[in-house]
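# Structural characterization, general
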Amino acid sequence: MDTLRFPCIYLKSGLAVDGYFDGVIEDEADEGEGKDPVEKAVRLGQETDTQGLMVFDFSDDDADHDRSVEAIGEICRSTQQNVIAAGDIRSIEGVKEYLGAGCAKVILNLVKDSNKEIFEEVSSRFGKTRIGAYIPDYNAYLMMKDDIEKYAGILLVDRDDDDDVKIVEETSLPVLLHDDQKGECLEANFRTRDFESEIQWKDFKLNSDGLIPCVVQDYKTDKVLMVAYMNEESFQKTLETGRMTYWSRSRQELWMKGLTSGHFQYLKELRLDCDNDTLLAKVAQVGAACHTGNFSCFYRTIMKKEDEAVRPTRVLLKTFDEIKDNQKDPVPGTELTELLSGGPDKILSKIGDDETGLILASKNNRKSCIVEGIADMMMDCMVLMAEKNLTWDDIAEEISDRR
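## Some remarks on the sheet that holds strand β17 (residues 279-285)
- Across the sheet, four strands lie side by side as β13-β12-β17-β16; this open sheet has mixed pairing. Where the open sheet ends on each side, the last strands, each with one partner, are β13 (224-230) and β16 (265-272). On average, each strand axis in the sheet is tilted by 30° relative to the strand beside it, whichever way the strands run.

## Considering the packing of aromatic side chains
- Under the criterion given, the structure shown has 10 aromatic pairs.
- With centroids separated by 6.2 Å and ring planes inclined at 50°, the aromatic side chains of F264 and Y266 adopt a geometry described as tilted.
- The ring of F264 has R243 sitting right over it, with the charged end atom 4.8 Å from the ring centre.
- Above the ring of Y299, the side-chain terminus of R300 is found at 5.8 Å from the ring centroid.

## Focus: the side chain of S123
- With respect to the secondary-structure elements, S123 resides in helix α4 (residues 113-126).
- In this structure S123 comes out as buried when scored by relative accessible area, which is 7%.
- Among the polar contacts made by the side chain of S123, one reaches the main-chain carbonyl oxygen of Y151 at a distance of 2.8 Å.
- S123 has contacts with K128, I131 and Y151, leaving out every residue within four places of it along the chain.

## Regarding the environment of L155
- As for its placement among the helices and strands, L155 is situated in strand β9 (residues 154-158).
- Residue class for L155 comes out buried when judged on its relative accessible area of 0%.
- Put simply, L155 and A41 are 114 residues apart on the chain and 22 Å apart in space, counted from C-alpha to C-alpha.
- Among all residues touching L155, those that are not within four sequence positions of it are A133, I135, Y141, I148, I167, T171, L173, P174, V175 and L176.

## Examining the environment of C297
- Positionally, C297 belongs in the loop between β17 and α9 (312-328).
- With a relative accessible area of 32%, C297 lands in the partly exposed category.
- Distance from C297 to D376, taken between C-alpha atoms, is 35 Å for residues 79 residues apart in sequence.
- For C297, the contacting residues outside a window of four places in its chain are L225, M226, A289 and C290.

## What about the pairing of strand β12 (residues 212-218)?
- With respect to burial, β12 is a largely interior element, six of its seven residues being buried.
- Pairing of β12 with β13, which is carried by six bridges, proceeds in the antiparallel orientation. Residue pairing for β13: V215 is matched across the bridge by V227.
- Counting the residues in the hairpin turn of β12 and β13 gives five residues, including D222, whose phi is positive at 65°.
- Pairing between β12 and β17: five bridges, direction parallel. Note that in β17 the partner of C214 across the bridge is L279.

## Examining unusual backbone geometry
- One non-glycine residue, N276, adopts positive backbone phi at about 65°.
- Structurally, the position occupied by N276 is in the loop between β16 and β17.
- Phi is positive for N365, close to 60°, though the residue is something other than glycine.
- One can find N365 in the loop between α11 (343-363) and α12 (367-387).

## Quick notes on the nonpolar core
- Counting residues in hydrophobic clusters, the biggest one holds 47 residues, and the most contacted among them are V95, L108, I135, I148 and L155.
- Sort the elements by how many residues they give to this core and helix α2 (residues 62-78) lands first, with five residues.
- Residues contacting V95, with those up to four places away along its chain left out, are I89, V106, L108, V122, F126 and I131.
- Counting 18 residues, the second largest nonpolar core, distinct from the first, contains I212, M230, L279 and A281.

## Description of the environment of N82
- Looking at the secondary structure, you find N82 in the loop between α2 and β6 (83-87).
- The class of N82 is partly exposed, set by a relative accessible area of 38%.
- Sequence separation of N82 and M54 is 28 residues, and the distance between their C-alpha atoms is 8.5 Å.

Definitions and limits used
Residues numbered from 1 in each chain as written. Predicted model: local features only at pLDDT ≥ 70, side-chain atom pairs only at ≥ 80, totals over all residues. Heavy atoms only, no water. Pairing = 2+ DSSP bridges. Helix = DSSP H or I, 4+ residues; strand = E, 2+ residues; numbered from the N terminus. Axes fitted to C-alpha atoms, helices over the stretch in contact; angles between N-to-C directions. Phe/Tyr/Trp six-rings, centres within 6.5 Å; stacked < 30°, edge-to-face > 60°. Lys NZ or Arg CZ within 6 Å of the ring centre and 35° of its normal. Buried < 20%, exposed > 50% of the residue type's maximum accessible area, 1.4 Å probe, protein only. Polar contact = N/O pair within 3.5 Å; in protein donor to acceptor, adjacent residues only side chain to side chain. Contact = heavy atoms within 4.5 Å. Core = buried A, V, L, I, M, F, W, Y, C linked by side-chain atoms within 4.5 Å.

These figures capture arrangement, not role.
Dropping the structure here:
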């Protein structure tokens, strides 16, 4: 059975615990070394054979659950691995919380009647590919086979030499085999890779060294990060792992970006130019792309012509970064610092005032005032996002779910 590794993180009270056996937590979630789930996720994500992260939430109550959701959000923001959540799901809203935190998929425990009741609805609402099902054994699979195949995009089963083989052979779905002793899942039945190139290597126009240059961009901002070269082996390795891998011309060896620094580049999109001789990779960059410690290798400006035209996404991202910077290192005497220092009540009060102003401006149909009002509201909302530790990814995810 062809398998790929999928490490597990077990959460209790927002902290990482050692694991579980037959559903019982092996140790208490005391503060201490190794309990930070984000640090553990980053460390696991730096392992080159890791295909994603499985997070089990063992919450006891609502407060515990809130801490775990917050921790899962931090994990998703700190690693570009696909994160799958399972555990404390009690309602459709619980599924939405995990997806909103950044999880690629959420798995329902179909042993629970409450999860069975919402299974069809969450599959319809969020999409089959984002919903998985946990079943304990082969008999449970047979009893719910039709619904599982119809409403789930992935299966989670306990590792068992007999049952798991039968399930993998019978189901059309990819399967995660959970090994609680090793604290990992193994992928089985994954018949396709995440990345398949529509154009084959043989169709590329290579340089005299048999290489093709690859321009690398940040997938969110389109900022150019670096330029490197690929040979066929590095190209295929990139598609296989989802991590950008190049050919080092100076060292004459394969080079996975981030293997020594931890600053991996996770592939989001790969494009080919009109002449078939240059690749453009859009990536999620962890840390800095440049060996100097700068985010981009192109950090030096040698000429610039000012242009008043600006891209809205860049303005919003840059402004939000400035708000976050001010939150960490306040600039005395500014309106933003005063607003942030006032806490949630002051921020919400300003949102209320500016909302009223926007309504009045809209009723009076004064375009300039409407523009100012919307700008005020967006600034207020970004301040609130910073206060509540939210990101633009959180907001974009919610908007995407509503389309």
